[in-house]
Amino acid sequence: MLKQKLLVAKIGGNIIEDQEALLSFLEDFSKVEGPKILVHGGGKSATQLANKMDVKTEMIDGRRITSAENLDIVVMTYAGLLNKTIVSGLQKNDCNALGLTGADANVILAEKRSVQFIDYGYVGDVIKINGQIIDGFLNSGITPVFCAVTHDGNGQLLNTNADTIASEIASAMGEFYDVSLFYCFELKGVLENIEDKDSVIEHIDLEKYSKLRDTNVIADGMLPKLQNCFDALQKNVNTVHIANADFIKDNTTKHTTLSL
């Protein structure tokens, strides 16, 4: 039996910071037919708030070091202002959305990342996605909107990379649906030359990914994003795309497609 199609989209970067761009995306996302899930980051907003509060922000290889103070800021920003702004924007467009952290309905269980070479602080690595609960929301006509906050089952909230959450949710929902994963940000896709916004690499497989990484064509935050793409493809996700917001309404626009 053919599975119903499901879109899992993740937004971040300058789209969240630009109110006009965000509202435009939410309008287009609301028009996507069938079940859909939205995952959002908000690191720039968290950093801005941290700066206002004189709390130091530290990043290593595109990942945030989350102290106890930073965790408070992350939860306030992600689960509070940003999540509810996005949910209300979807409701404006007749998309019945529900804002969630991983702690809500025990949907995303994580564990605090162990210290090896780097102590990331209160950063969580996903252990389990409760796909049945999410499927229940979708079957009730609800669009889940996940922020990048999880929990460990023992009362501790954790900051978890939003790209990873999108990948893990998409993989878990592959049991129930034909899943497409879409990473949406301000660029048209993965670029060959960061100075040339039209130099989109239209197709990346594992072999090409290794070459791009080894030659430093891709670096920093793009590295974990692409790793999450390939993780999803190896675990039940049928298609993965990286593109700008135009892709949500016209998938023929220039973009990057990932394959194994």
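Source: prediction; values computed, not measured. (Residues numbered from 1 in each chain as written. Predicted model: local features only at pLDDT ≥ 70, side-chain atom pairs only at ≥ 80, totals over all residues. Heavy atoms only, no water.)

## With respect to unusual backbone geometry
One non-glycine residue, aspartate 54, lies in positive phi territory at about 60°. Summarising the element assignment, aspartate 54 is placed in the loop between helix 3 (43-52) and strand 3 (58-60). A positive phi angle, close to 60°, is found at aspartate 94, a residue other than glycine. Along the chain, the position of aspartate 94 falls in the loop between helix 4 (68-92) and strand 5 (97-100). (Helix = DSSP H or I, 4+ residues; strand = E, 2+ residues; numbered from the N terminus.)

## Describing the packing of helix 3 against helix 4
Their axes nearest at 9 Å, the elements helix 3 and helix 4 cross at an angle of 125°. Relative to helix 4, the element helix 3 lies oblique. Considering how the two elements wind past one another, helix 3 and helix 4 form a crossing that is right-handed. Contact residues: Gly43, Ser45, Ala46, Leu49 and Ala50 in helix 3; Asn70, Ile73, Val74, Met76, Thr77, Tyr78 and Leu82 in helix 4. Among the residues forming the contact of helix 3 with helix 4, the class breakdown is eight nonpolar, four polar and no charged. (Axes fitted to C-alpha atoms, helices over the stretch in contact; angles between N-to-C directions. Parallel < 35°, antiparallel > 145°, perpendicular 65-115°, else oblique. Left-handed = near helix turned anticlockwise from the far one by under 90°. Contact = heavy atoms within 4.5 Å. Nonpolar A, V, L, I, M, F, W, Y, C, P; charged D, E, K, R; others polar.)

## What to know about helix 4
With 25 residues, helix 4 extends 35 Å from end C-alpha to end C-alpha; this agrees with the ideal 36 Å at 1.5 Å per step. Where helix 4 ends, the next residue or the one after it, aspartate 94, has phi of about 60°, a positive value. (Expected span 1.5 Å × (residues − 1).)

## Remarks on the side chain of asparagine 83
Secondary-structure assignment places asparagine 83 in helix 4. Relative accessible area serves as the criterion here: at 1%, asparagine 83 is assigned to the buried category. Looking at asparagine 83, its side chain comes within polar contact range of the main-chain oxygen of valine 145, at 3.2 Å. If near-sequence neighbours (up to four positions away) are discounted, asparagine 83 is found in contact with His40, Thr77, Tyr78, Gly99, Leu100, Val145, Phe146 and Cys147. (Buried < 20%, exposed > 50% of the residue type's maximum accessible area, 1.4 Å probe, protein only. Polar contact = N/O pair within 3.5 Å; in protein donor to acceptor, adjacent residues only side chain to side chain.)

That is the geometry; function is a separate question.
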